[in-house]
Amino acid sequence: MSQTPWWSRSVVYQIYPRSFADTDGDGFGDLRGIIDHLDHVADLGADVLWLSPIYVSPQDDNGYDIADYEAIDPMFGTMDDFDELVAAVHSRGMKLVMDLVVNHTSDEHAWFTESRQPGSDKRDWYVWRPAREGHEPGTPGAEPTNWGSFFGGSAWAYDEASGEYYLHLFSRKQPDLNWENPAVREAVYAMMNRWVDRGVDGFRMDVINLISKTYPLADGVLTPGDPYSFEIERVANGPRLIEFLEEMNREVGITSKQLFTVGEMVACGLEHAREYTSRHHDRLGMVFTFEHVSVDQSGSKLSPKKLHLPDLKQNLARWQEGLADDGWNSLYFENHDQPRSVSRWGDDSPEHRVASAKALATVLHLHQGTPYVYQGQEIGMTNAGFTRIEQYADVEARGQFAQATAAGVPEEAVLAGLSAMSRDNARTPMPWTPEGGFTTGTPWLPLNANTASINVADDVADPDGVAAHYKALIALRREDAVVRDGAFELLLPDDETLWAFTRTLGDQRLLVVANMSSHLAGVPISALPSLEDAELVLSSVYPGTDLQTLAPWEARVYRFRA
Ligand code: TEU
């Protein structure tokens, strides 16, 4: 793959279907709701739509637990609705990318129901192990290894009927598939091919670097105070991952059909990303790393710390440089698993919310890579503001709460962590109008309490709204080759307030300078390229005349000849 692939020019909009738009009043979003609101996405200028899972699922993990890969869950609609959606997306010149969740299935998938029978030929489709030697099966400590699951508790569930344990790196309703078994791989590729034949343009691959594990499965090191080991190296980036990715690429025709692929990868560093996205191999188009969304965490997700800006911008810069000559970056601050960026790294007070949402958008979209906009990010949606555990619907939030409180962490501390970091922050339904406009029924998760003031209708009607700024950024990317292909250079790397960088292509150069704080910031002009003959192309707030001082969250983009 040597030509520049089409998706390196794209902007992706992620839809979380259950929270997007409900047309039948059941309180859950559906495919017809997506069809109804496609013009909102098209107006922004995004050209790829990624749908979180819409397949048949008991919804233990909101669809990331799939019971039938080949059918649409009735809560979302029918296959006819899906075909209509594909056509509606394509007729707008956009592409449709599906979520592919094949590290695990639901425990209600027919493959797993069969696998539960010890003599079945599907037994080996999942990861079954006997109890630890010398232990009574099903008793505490008898789990085959000491691994913890991502969602709290052991990564092993005991199956009484067969007297063995199955591995589940996520909830106990998400048993891991055994990718060592060629029949599993064949079945997955065949399924992918059927979706491609139906018209889908690519896949976002859920935790795809967990499909190859390091065998034999063995205990990890325990951190004091933690009942389970979380040594991610034992399950991520395993020895056969590249082989599996290349096989999948070949069997599904990913490169030959120019399908869009992004592999979500925990524990994926730059070196891994280079390997997986190299243009000299047929593996993946790009990856989602977790590095930059971990810079404000001290150890666990539930103990966030204040962002030290240099950590974030230096991390992104390192990836910009690291993938400049080979490979490709995805650019994201938000998705359905992350808190709202304006609450996390901006300032969600009424005074600064809009400007800080725009400043965050500006810096992200002017990096090199494929930017992702998560539904609601384009209007500067904020965190949910939950204060009680009962308000959370997420299996991860509930599991982590149970594990942490059982280990003696005070409830208040866990709730504070969840309030800042929980995934439900991103999952409150889309506020289409000041009244809500998401459903005529009772929404599955309450709309954000600030819907009357933060909603799509009001924001898009405002020429100074957040969406207008996203539109301008996306348009700039379309028009300007520097945004797509320009070399990246981080300026003022240690500055704790300013985020500044240049992009250069031939004699064209862009300078981006943003004040990432809620106070006025002086700019050390002498450390920046001279602005003589520079043209201001974009700004997040009404611009002053010089660059000596930036208003709170003021971000500016200048164009000039290098
Ligand atoms: O997420 C993978 C993942 O490891 C994390 O995002 C995880 O959900 C958590 O936030 C870590 O604390 C993917 C999906 O994006 C997520 O929604 C699913 O729950 C998960 O895989 C399992 O399929």
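Here the structure is shown first, and the text comes after it.
Conventions adopted
- Residues numbered from 1 in each chain as written.
- Predicted model: local features only at pLDDT ≥ 70, side-chain atom pairs only at ≥ 80, totals over all residues.
- Heavy atoms only, no water.
- Helix = DSSP H or I, 4+ residues; strand = E, 2+ residues; numbered from the N terminus.
- Rg over C-alpha atoms; globule rule 2.2 N^0.38 Å.
- Buried < 20%, exposed > 50% of the residue type's maximum accessible area, 1.4 Å probe, protein only.
- Contact = heavy atoms within 4.5 Å.
- Areas by Shrake-Rupley, 256 points an atom, 1.4 Å probe, with all protein chains shown as cover.
- Lys, Arg positive; Asp, Glu negative; His and termini not counted.
- Charge placed at Lys NZ, Arg CZ, Asp CG, Glu CD.
- Near = heavy atom within 4 Å.
- Polar contact = N/O pair within 3.5 Å; in protein donor to acceptor, adjacent residues only side chain to side chain.
- Nonpolar A, V, L, I, M, F, W, Y, C, P; charged D, E, K, R; others polar.
- Pairing = 2+ DSSP bridges.
- Salt bridge = Lys/Arg side-chain N within 4 Å of Asp/Glu carboxyl O.
- Axes fitted to C-alpha atoms, helices over the stretch in contact; angles between N-to-C directions.
- Parallel < 35°, antiparallel > 145°, perpendicular 65-115°, else oblique.
- Left-handed = near helix turned anticlockwise from the far one by under 90°.
- Expected span 1.5 Å × (residues − 1).
- Patch = residues over 30% accessible without salt bridge, like charges linked within 9 Å, V, L, I, M, F, W, Y side chains within 5 Å.

Asks: Looking at this structure, I do not really get the overall build of the protein chain. What am I missing?
Replies: In terms of helices and strands, the protein chain carries 15 helices and 20 strands. In summary, the protein chain has a C-alpha radius of gyration of 24 Å against a globular reference of 24 Å for 562 residues, a match within 12%. Seen along its three principal axes, the alpha-carbon backbone of the protein chain occupies a region of about 75 × 55 × 50 Å. A burial count over the protein chain gives 60% of its 562 residues as buried. Look at the contacts in the protein chain between residues 6 or more apart in sequence, and 69% of them connect residues 24 or more apart. Of the accessible surface of the protein chain, which amounts to about 20900 Å², a share of 50% is contributed by carbon and sulfur atoms. The averaged location of the 84 negative side-chain charges in the protein chain is 3 Å from the averaged location of its 46 positive side-chain charges.

Asks: What is the right way to read the site of the ligand from this model?
Replies: Close to the ligand lie 19 residues; D61, D206, D337, E396 and R423 are nearest. Between an oxygen atom of the ligand and a side-chain N or O atom of D61, the distance comes to 2.4 Å. In the model, an oxygen atom of the ligand is placed 2.5 Å from a nitrogen or oxygen of the D337 side chain. Within the complex, the protein chains bury 95% of what would otherwise be the 480 Å² of accessible surface of the ligand. Residue composition of the shell around the ligand, by class: 7 nonpolar, 3 polar and 9 charged.

Asks: I would appreciate a short explanation of the sheet that holds strand β7 (residues 156-159) in the present structure.
Replies: Each strand in a sheet pairs with another by means of backbone hydrogen bonds, the pair being arranged parallel or else antiparallel. Across the sheet, which stays open at both edges, the 3 strands sit in the order β6-β8-β7 with antiparallel pairing between neighbours. A strand with exactly one partner marks an edge of an open sheet, and here the two such strands are β6 (128-129) and β7. As paired elements, β7 and strand β8 (residues 164-167) share 4 bridges and run antiparallel to each other. Directly across from Y158, in β8, lies its bridge partner Y165.

Asks: Looking at this structure, how should I read the sheet that holds strand β2 (residues 48-51)?
Replies: Here 8 strands make up an open sheet; going across it, the order is β11-β10-β9-β5-β2-β1-β13-β12 and the pairing parallel. Edge positions in the open sheet fall to β11 (286-288) and β12 (330-331), since each of these has one partner strand only. Pairing geometry for strand β1 (residues 12-15) and strand β13 (residues 370-374), over 3 bridges, is parallel. In the strand pairing of β13, V12 is matched with Y372.

Asks: What should I look at first to understand the pattern of salt bridges in this one?
Replies: All told, the structure shown has 37 salt bridges when counted by the stated rule. As a salt-bridge pair, R204 and D206 come within 2.7 Å of each other at their nearest N and O atoms. Like D206, R204 is buried. Note that R240 and E243 form a salt bridge whose closest N and O atoms lie 2.8 Å from each other. Via salt bridges that share partners, D61, K301, D337, D394, E396, R423 and R427 belong to a single interconnected network.

Asks: Would you explain unusual backbone geometry in this entry?
Replies: For residues besides glycine, phi is generally negative; the peptide bonds are generally trans as well. For the bond from Y215 to P216, the omega torsion is -5°, close enough to zero to count as cis. Following the sequence through the fold, P216 ends up in the loop between β9 (202-205) and α6 (241-252). Even without being a glycine, A267 presents a positive backbone phi close to 55°. Here A267 shows up in the loop between β10 (260-264) and α7 (270-277). On the basis of relative accessibility, which here comes to 38%, the residue A267 falls in the partly exposed class.

Asks: Mind showing me how you'd approach the packing of helix α10 (residues 353-365) against helix α14 (residues 466-479) here?
Replies: What describes two packed helices is the angle between their axes and the distance between those same axes. One can describe the packing of α10 onto α14 by two numbers: an axis separation of 9 Å at closest approach and a directional angle of 15°. Between α10 and α14, the interaxial angle falls into the category roughly parallel. Here α10 and α14 pass one another in a crossing that is right-handed. Together, V354, A357, K358, A361, T362 and H365 of α10 and V466, H469, Y470, L473, I474 and R477 of α14 make up the contact between the two elements. Per-class residue counts for the contact of α10 with α14 are 7 nonpolar, 3 polar and 2 charged.

Asks: Where do I start with α14 in this structure?
Replies: Note on helix geometry: an α-helix contains 3.6 residues per turn, so any two residues three or four positions apart are oriented the same way. Taking 1.5 Å of rise per residue, the 14 residues of α14 would be expected to cover 20 Å, and the 20 Å separating its terminal C-alpha atoms lies within 8% of that figure. Listed in full, the buried residues belonging to α14 are V466, A467, H469, Y470, L473, I474, L476 and R477.

Asks: In this structure, what is going on with a negative patch on the surface? I would like to understand it.
Replies: A surface patch of like charges, here negative, comprises E435, D458, D462 and D464. For D458, a relative accessible area of 38% puts it in the partly exposed group.

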